[in-house]
Every structure is written in structure tokens, then in C-alpha cells.
Amino acid sequence: MGKRDRLPDDEIAGFIAAHPGWVRAGERIERSYSFPDYGTCVGFVMRVALLAERRDHHPDIALSWGKVRVVWSTHDAGGLTALDLELAGLTDRLNAG
């Protein structure tokens, strides 16, 4: 199975169980991150954007004061793929520093 092939539900459930904060919302996974101020939010969004650009796979991102919501899904596959889960994990690492 390739990184852009749709994953079975049990693999997605395993990822969610092992990665606190991520939730499944239909055919996507999402997580909200909290920050002390707007500038820190923007910096995090930029790091996620650079990661996404390097991988040619782009999340939906919602930015507000003190909060960023990141949503991963592969539209071409009609759901979640290994690449989405990989990038979600890397998004957590960006948040951790």
C-alpha cells in the first residue's frame, strides 16, 4: 500500500489512540493547538506550511488568537492515507519544539 492510498479504519483508530489530541472527523483527522499569543500561532502555521510544501501535501489550517486547528486528509484518495498520519505526527513534533 502506498502513502497516498486510503487507509482502513483500524489503522486510523490506532493512530488516534496513540496520538492524544487528534480526533477523527469523517474522512479527516484534526487537532487544535493552543499558544500564548497570535505571533506564536503564526510561527507555528509557517512551520507547518513549510513541512507541507516540502511533502507536496497541504492541510487545512484555521488560525485565531492563541489557537491553531490543523486538518489532514487526502482529497484524491477520498479519505485518510499514511501520508496524512505521518504529517500529523510531524505536526505534533513541530509543536513540541
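Report follows, based on the coordinates. Nothing here was measured: the structure is a model prediction, and the numbers come from that model. (Residues numbered from 1 in each chain as written. Predicted model: local features only at pLDDT ≥ 70, side-chain atom pairs only at ≥ 80, totals over all residues. Heavy atoms only, no water.)

**With respect to the pattern of salt bridges**
Turning to step 1, where the next piece is worked out: Scanning the model with the defined rule gives 7 salt bridges in all.
Turning to step 2, where the next piece is worked out: Across the pair arginine 69 and glutamate 30 runs a salt bridge whose closest N-O atoms are separated by 3.7 Å. Residue arginine 69 is located in strand 4 (residues 67-72), and its partner glutamate 30 is located in strand 2 (residues 29-34); the two are separated by 39 residues in the primary sequence.
Turning to step 3, where the next piece is worked out: Overall, the relative accessible area of 32% leaves arginine 69 in the partly exposed class.
Turning to step 4, where the next piece is worked out: Through salt bridges with shared partners, a single network forms among Arg6, Asp9, Arg24 and Glu27. (Salt bridge = Lys/Arg side-chain N within 4 Å of Asp/Glu carboxyl O. Helix = DSSP H or I, 4+ residues; strand = E, 2+ residues; numbered from the N terminus. Buried < 20%, exposed > 50% of the residue type's maximum accessible area, 1.4 Å probe, protein only.)

**Here's the deal with a nonpolar patch on the surface**
Turning to step 1, where the next piece is worked out: There is a patch of nonpolar side chains on the surface, built from Tyr38, Val42, Met46, Leu63 and Trp65 and spanning about 510 Å² of accessible area.
Turning to step 2, where the next piece is worked out: Considering every element that reaches the nonpolar patch, the biggest residue donor is helix 2 (residues 38-55), with 3 residues.
Turning to step 3, where the next piece is worked out: Looking at the secondary structure, you find tyrosine 38 in helix 2.
Turning to step 4, where the next piece is worked out: Tyrosine 38 gets classed as partly exposed once you look at its relative accessible area, which sits at 41%. (Patch = residues over 30% accessible without salt bridge, like charges linked within 9 Å, V, L, I, M, F, W, Y side chains within 5 Å. Areas by Shrake-Rupley, 256 points an atom, 1.4 Å probe, with all protein chains shown as cover.)

**Comments concerning the nonpolar core**
Turning to step 1, where the next piece is worked out: Counting residues in hydrophobic clusters, the biggest one holds 21 residues, and the most contacted among them are Trp22, Ile29, Phe44, Val68, Val70 and Trp72.
Turning to step 2, where the next piece is worked out: Elements with a contribution of two residues or more to this core: helix 1 (9-18), strand 2, helix 2, strand 4 and helix 3 (82-96).
Turning to step 3, where the next piece is worked out: Broken down by element, the residue count for this core peaks at 6 residues, all from helix 2.
Turning to step 4, where the next piece is worked out: Beyond its immediate chain neighbours, meaning those up to four positions away, valine 68 contacts Arg31, Ser32, Tyr33, Phe35, Cys41, Phe44, Val45, Ile61, Ala62 and Leu63. (Core = buried A, V, L, I, M, F, W, Y, C linked by side-chain atoms within 4.5 Å. Contact = heavy atoms within 4.5 Å.)

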